[in-house]
Amino acid sequence: MSDYNFAYLDEQTKRMIRRAILKGLAIPGYQVPFASREMPMPYGWGTGGVQVSAAILTPDDCMKVIDQGADDTTNAVSIRKFFEKTAEIETTEATNAASVIQTRHRIPEEPLREDQVLVYQVPIPEPLRFLEPRETETRKMHSLEEYGLMHVKLYEDIAKHGAIATSYAYPVKVEGRYVMDPSPIPKFDNPKLEMAAIQLFGAGREQRIYALPPYTKVVSLDFEDFPFEASKADHACDLCGADAAYLDELIIDDAGGRMFVCSDTDFCQTRRAAGHIGAQGAPFEEAAQ
Amino acid sequence: MTPLLQVRDIAKFYGHRMGCTGVGFDLYPGEVMGIVGESGSGKSTLLNCLAGHLVPDQGRVMFDTRTEGPRDTVTMSEPERRMLSRTDWAFVHQHARDGLRMGVSAGGNVGERLMAVGARHYGDIREQAVDWLGRVEISEDRIDDRPSAFSGGMQQRLQIARNLVTGPRLVFMDEPTGGLDVSVQARLLDLLRGLVREMGLSAIIVTHDLAVVRLLADRLMVMKDGHVVESGLTDQVLDDPQHAYTQLLVSSVLQV
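Residues numbered from 1 in each chain as written. Chains lettered and ligands numbered in written order. Predicted model: local features only at pLDDT ≥ 70, side-chain atom pairs only at ≥ 80, totals over all residues. Heavy atoms only, no water.

1. A few points about the confidence of the model for chain B
1) Next: Overall, the prediction assigns chain B a mean pLDDT of 91, with 100% of residues at 70 or greater.
2) Next: In the predicted complex, the global pTM is 0.86; the interface-specific ipTM is 0.86. (pLDDT = per-residue confidence, 0-100.)

Right, dumping it as structure tokens:
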């Protein structure tokens, strides 16, 4: 047994967070204030997501943590280690083996199931923040459903760039009521927000939790003559050849060389193991040696 | 004819100090009412009470709504009041900066009210914005510039366009020409007069500039120390002032 209480937080705190989560699930898209604790990591590293995960973990859970789709970045590795140490739970990199997935800025490519929970790390939960700096005013706007301002931002985008240039943290309307910031996921992931798994959003510094119950209606805001488009780099993955997955663009030399690879590392690896090869990829077994 | 706005016995106190008290009048559709008085006479307090920015301590403000007839805007619910203030009402601030979103382009500023009432077609919004910028004499090629790149007079005209785009029936103006130089003032007044007549707007204009009310207002209310001391037709009040303070006010205007 480790010296930590299960999943680091004390039971009263977890209880408080669970209440906020339940309230969030009852009012999809509504930002529930909660008494965020200081966590042993800096703000911006996922303190909100970690608290939500800690509150919902059980000893039987198997956890996966991704950062921009990758399982092997500092943020993902350290949060995974954190829960290995404090909760002594199993962890995995396989999306389909995980029961709790904590994510920063991506939704896994593989569709999630009803028995899974997706926990988002949210830097700024308020979609209206940069349009209206006063929190008292934005709360009023949410309660009175005054969301015209959100479209002013999209209008500005089109006026300036000829198209809606917002490409991440793309605002959505939940169940025809609350406008919500889906955290900085690429807008490519927006259509996936209507899914079978429970989605929980935790913002540690901003002390807000919000949630999407399974199969909640989530509509990306747009104009009639400029409809929403889930865009991605117009390319196929250079490692696994997937043409419908979200891609990262990598600069590989100083002569303009570049390659596009899946941002979801588990998805890419699974495909390569199954024998798919992209334009610049080597067969999976060879690459492993 | 039902008055568009019936104001009865409005009073507003700031602690022990009085903002304004015992104000009442009727405003009929298409009528422009001027409120003049020196600084601190309660003009702006009164205007803010009427426009729902301040809650008066006493009195009623009955507005003739489109669907339900006269309603008291002081006691109506906040969503209803806010709905009114972005559809049937308009508020022109003295400083254009208070009424504009400085970080948003001119077109976005004009379009905001349209989007707030549900417009979701970019082309239409854009078209209306161009139309309204034209009406307030801002050339079309400035539509994507931010208001911070505009002169004071242009900002004020942009603010007017932004307010009138949803076709309000009642416009509140708080010193709309304050802080502008005289030639710009004259053009703005000309523009306002044209818009008010053309759209059949009712307006309440607070100002300390008698020339403004002479040009725009049908009726006039003179305020001093929170009380209305004289009211009547504009020409009547200005040409034949009865109250000592009005006489002082009229005689203080500099002749060139």
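2. Side note on the pattern of salt bridges
1) Next: Applying the stated criterion across every chain, the model contains 42 salt bridges over all chains.
2) Next: Ionic pairing is found between Asp71(A) and Lys64(A), a salt bridge with its closest N-O pair at 3.2 Å.
3) Next: By relative accessible area, which is 0% here, Lys64(A) ends up buried.
4) Next: Here Asp88(B) makes a salt bridge to Arg169(B), at a shortest N to O gap of 3.2 Å. (Salt bridge = Lys/Arg side-chain N within 4 Å of Asp/Glu carboxyl O. Buried < 20%, exposed > 50% of the residue type's maximum accessible area, 1.4 Å probe, protein only.)

3. Some details on the interface of chain B and chain A
1) Next: Each partner contributes to the interface: chain B provides 22 residues, whereas chain A provides 21 residues.
2) Next: In total, chain B and chain A occlude about 1800 Å² of area from one another, counting both sides; carbon and sulfur atoms represent 57% of this.
3) Next: A per-residue breakdown of the area chain B buries against chain A is headed by Arg82(B), Arg120(B) and Tyr122(B), which together make up 39% of the total.
4) Next: Counting every contact that joins chain B to chain A gives five salt bridges.
5) Next: Glu146(A) is the salt-bridge partner of Arg82(B), the closest N and O atoms lying 2.8 Å from each other.
6) Next: At the boundary of chain B and chain A, one finds eleven residue pairs in polar contact (both at pLDDT 80 or more).
7) Next: Put simply, the parts of the chain that give the side of chain B that touches chain A at least two residues each are α2 (78-87), α4 (106-116) and α5 (122-135) of chain B. (Contact = heavy atoms within 4.5 Å. Buried area = accessible area lost by both parts, 1.4 Å probe. Polar contact = N/O pair within 3.5 Å; in protein donor to acceptor, adjacent residues only side chain to side chain. Helix = DSSP H or I, 4+ residues; strand = E, 2+ residues; numbered from the N terminus.)

4. Description of the nonpolar core
1) Next: Ranked by size, the top nonpolar core spans 67 residues in total, and within it Tyr155(A), Phe223(A), Val110(B), Leu158(B) and Val171(B) carry the most contacts.
2) Next: Counting residues per element, this core draws most heavily on helix α5 (residues 148-161) of chain A, which supplies seven residues.
3) Next: What Phe223(A) contacts, discounting residues up to four positions off in sequence, is His151(A), Leu154(A), Tyr155(A), Ile158(A), Met115(B), Arg120(B), His121(B), Tyr122(B) and Ile125(B).
4) Next: Of all hydrophobic cores here, the second largest spans 29 residues; its members include Leu9(A), Phe34(A), Met63(A) and Ala87(A). (Core = buried A, V, L, I, M, F, W, Y, C linked by side-chain atoms within 4.5 Å.)

5. Observations concerning the pairing of strand β1 (residues 5-14) of chain B
All names here are of chain B.
1) Next: Examined bridge by bridge, β1 and strand β2 (residues 17-27) share seven bridges and lie antiparallel to one another. If you follow Gln-6 over to β2, its bridge partner there is Asp-26.
2) Next: In this antiparallel pair of consecutive strands, β1 and β2, the connection spans two residues, and Gly-15 shows a positive phi of 65°.
3) Next: Sheet topology note: the β1/strand β4 (residues 58-65) ladder contains five bridges and is antiparallel. The partner of Arg-8 across the bridge, within β4, is Arg-60. (Pairing = 2+ DSSP bridges.)

6. What about the packing of helix α6 (residues 152-164) of chain B against helix α7 (residues 182-199) of chain B?
Residues and elements named next belong to chain B.
1) Next: In the contact formed by α6 and α7, the axes pass within 10 Å of each other and the chain directions differ by 10°. Taken together, the axes of α6 and α7 lie roughly parallel to each other. Both α6 and α7 take part in a crossing whose hand is right-handed. Contacts from Gly-153, Gln-156, Arg-157, Ile-160 and Leu-164 of α6 reach α7 at Val-184, Arg-187, Leu-188, Leu-191, Leu-192, Leu-195 and Met-199.
2) Next: Class assignment for the residues of the contact of α6 with α7 results in eight nonpolar, two polar and two charged. (Axes fitted to C-alpha atoms, helices over the stretch in contact; angles between N-to-C directions. Parallel < 35°, antiparallel > 145°, perpendicular 65-115°, else oblique. Left-handed = near helix turned anticlockwise from the far one by under 90°. Nonpolar A, V, L, I, M, F, W, Y, C, P; charged D, E, K, R; others polar.)

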